[in-house]
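Residue-level listing of the chains:
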Amino acid sequence: DQQVKQNSPSLSVQEGRISILNCDYTNSMFDYFLWYKKYPAEGPTFLISISSIKDKNEDGRFTVFLNKSAKHLSLHIVPSQPGDSAVYFCAASTGTASKLTFGTGTRLQVTL
Amino acid sequence: EPEVTQTPSHQVTQMGQEVILRCVPISNHLYFYWYRQILGQKVEFLVSFYNNEISEKSEIFDDQFSVERPDGSNFTLKIRSTKLEDSAMYFCASSEGNYQGYEQYFGPGTRLTVT
């Protein structure tokens, strides 16, 4: 069941540069998309979300872009900071209260 | 800032024993969820709960699992007879469940180790 895919298991970016994390999905019924940040042995921390009626949502250093025709979303972090180093998961749901389907995660390392 | 809390942080149990994992969701949230993450794998949905009943469950959530909201604040996951393969991090989450608040907020997790 690979409805949500994150094809890059890891990404290394220099401090101050842009981090771009990608996510693809196959289920056209997904309407809501979320990004979570996770540290080892901790719960996922909600970062930013977008509904399918939008194509962009910004919150501070974080911007999520949604391309519905390509079934693709991306998370941009600008500028990247060392504290951003974590595993990032994208998740999708078919309704406002529906279960989340998670991707496999991308480990981001921000280097000095 | 309100947060989801979970207890215990780590539970070790023997195969065949019953365990109860506890969660206190965010107080004004109406929808509650359990997810788990087996080491090295992705986060998987187990069950969702609304208005005192299960609204959705996955294939993982078989007869060995049950959920309950015993009072106005706690939300529990019970595993009746644990198996080795139940060893995982279990996460509770809650949300308002509407367009203005569809984000699910997760607790810190309970690490369950079945020996």
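Further up the page is the structure itself.
Residues numbered from 1 in each chain as written. Chains lettered and ligands numbered in written order. Predicted model: local features only at pLDDT ≥ 70, side-chain atom pairs only at ≥ 80, totals over all residues. Heavy atoms only, no water.

**With respect to a nonpolar patch on the surface**
Residue and element names in this part refer to chain A. Our working definition: Only residues whose relative accessible area exceeds 30% and that form no salt bridge enter a patch; like-charged residues are grouped when within 9 Å of one another, and nonpolar side chains (Val, Leu, Ile, Met, Phe, Trp, Tyr) when within 5 Å. For the accessible areas, the method is Shrake-Rupley and the probe is 1.4 Å, while residue cover comes only from the protein chains on display. Think of a salt bridge as a Lys or Arg side-chain nitrogen and an Asp or Glu carboxyl oxygen that are within 4 Å of each other. Where helices and strands are cited, they refer to DSSP runs of H or I of at least four residues and of E of at least two residues respectively, numbered from the N terminus. Buried, partly exposed and exposed residues are distinguished by accessible area as a fraction of the type maximum, computed with a 1.4 Å probe on protein chains only: under 20%, between the cut-offs, and over 50%, respectively.
Together, Ile18, Ile20 and Val78 give the surface a local cluster of nonpolar side chains, amounting to about 220 Å² of exposed area. Its place among the elements puts isoleucine 18 in the loop between β2 (10–14) and β3 (19–25). On the basis of relative accessibility, which here comes to 40%, the residue isoleucine 18 falls in the partly exposed class.

**Some thoughts on the pattern of salt bridges**
Counted by the stated rule, this structure contains four salt bridges over all chains. Of the charged contacts in the structure, one is a salt bridge between A:Lys56 and A:Glu58, with a shortest N-O distance of 3.7 Å. The salt bridge partner of B:Asp86 is B:Arg36, with a shortest N-O separation of 3.9 Å. Residue B:Asp86 is found in the loop between β8 (75–79) and β9 (88–95), and its partner B:Arg36 is found in strand β4 (residues 31–37); the two are separated by 50 residues along the sequence. By relative accessible area, which is 7% here, B:Asp86 ends up buried. With a relative accessible area of 9%, B:Arg36 lands in the buried category. Taken together, the salt bridges that share partners define one network made up of B:Arg36, B:Glu44 and B:Asp86.

**A short note on the pairing of strand β7 (residues 62–67) of chain A**
Residue and element names in this part refer to chain A. Our working rule: Strand pairing requires that DSSP identify at least two bridges connecting the strands.
Sheet topology note: the strand β6 (residues 56–59)/β7 ladder contains four bridges and is antiparallel. Bridge pairing in β7 places glutamate 58 opposite threonine 63. Between β6 and β7, which pair antiparallel and follow one another directly, the connecting turn spans two residues, one of which, glycine 60, has a positive phi of 65 degrees. Direction of pairing for β7 relative to strand β8 (residues 72–77): antiparallel, over a ladder of six bridges. The residue of β8 that forms the bridge with phenylalanine 62 is isoleucine 77. Remark: four residues form the turn of the hairpin made by β7 and β8, two consecutive strands paired antiparallel; lysine 71 in that turn has positive phi of roughly 55 degrees.

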